[in-house]
Amino acid sequence: MEIVNGKIKTRNPTDCDVTKKPIEETTCFERPCFKWYTTPWSECTKTCGVGVRMRDVKCYQGTDIVRGCDPLVKPVGKQTCDLQPCPTEPPDDSCQDQAGTNCALAIKVNLCSHWYYSKACCRSCRAPHS
């Protein structure tokens, strides 16, 4: 090829000197590719019901941690884990509020759903409130 009057003109290959022909293909950038790597998933944060499990997600270029990976294909690092439903305890008719626990206050500020107060104030929390 040659440029004539600002335009590219294709020449006949026999017009060219084969010894001056440039290499058609060459490596111009020899570095390892960027790649996402993940660790195995952690255990679920709950033993029943819905919890969360996590893993590390890092971008590597060769053996170096870098910032060059495509964020659109980044693997997730956190997901929910939905295990078997948690068992529910049948109501205990013999439960008594623990002495020294301010169950009236616990009811007033809606603490009956907290595991400690649901046990410590089992009778008060079970009674209907207005």
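Residues numbered from 1 in each chain as written. Predicted model: local features only at pLDDT ≥ 70, side-chain atom pairs only at ≥ 80, totals over all residues. Heavy atoms only, no water.

### Remarks on the environment of alanine 99
Working step 1: Examined against the element boundaries, alanine 99 turns out to sit in the loop between strand 7 (78-82) and helix 1 (103-108).
Working step 2: Judged by its relative accessible area of 81%, alanine 99 is exposed.
Working step 3: Along the backbone, alanine 99 and arginine 53 are 46 residues apart, and their C-alpha atoms lie at a distance of 39 Å. (Helix = DSSP H or I, 4+ residues; strand = E, 2+ residues; numbered from the N terminus. Buried < 20%, exposed > 50% of the residue type's maximum accessible area, 1.4 Å probe, protein only.)

### Here's the deal with the sheet that holds strand 5 (residues 57-61)
Working step 1: Taken together, three strands build an open sheet; the order of strands is 3-5-6 and the sheet is antiparallel. Where the open sheet ends on each side, the last strands, each with one partner, are strand 3 (34-38) and strand 6 (64-65).
Working step 2: Inspection of the sheet shows strand 5 paired to strand 6 by two bridges, in the antiparallel sense. By the bridge assignment for strand 6, tyrosine 60 is matched with isoleucine 65. (Pairing = 2+ DSSP bridges.)

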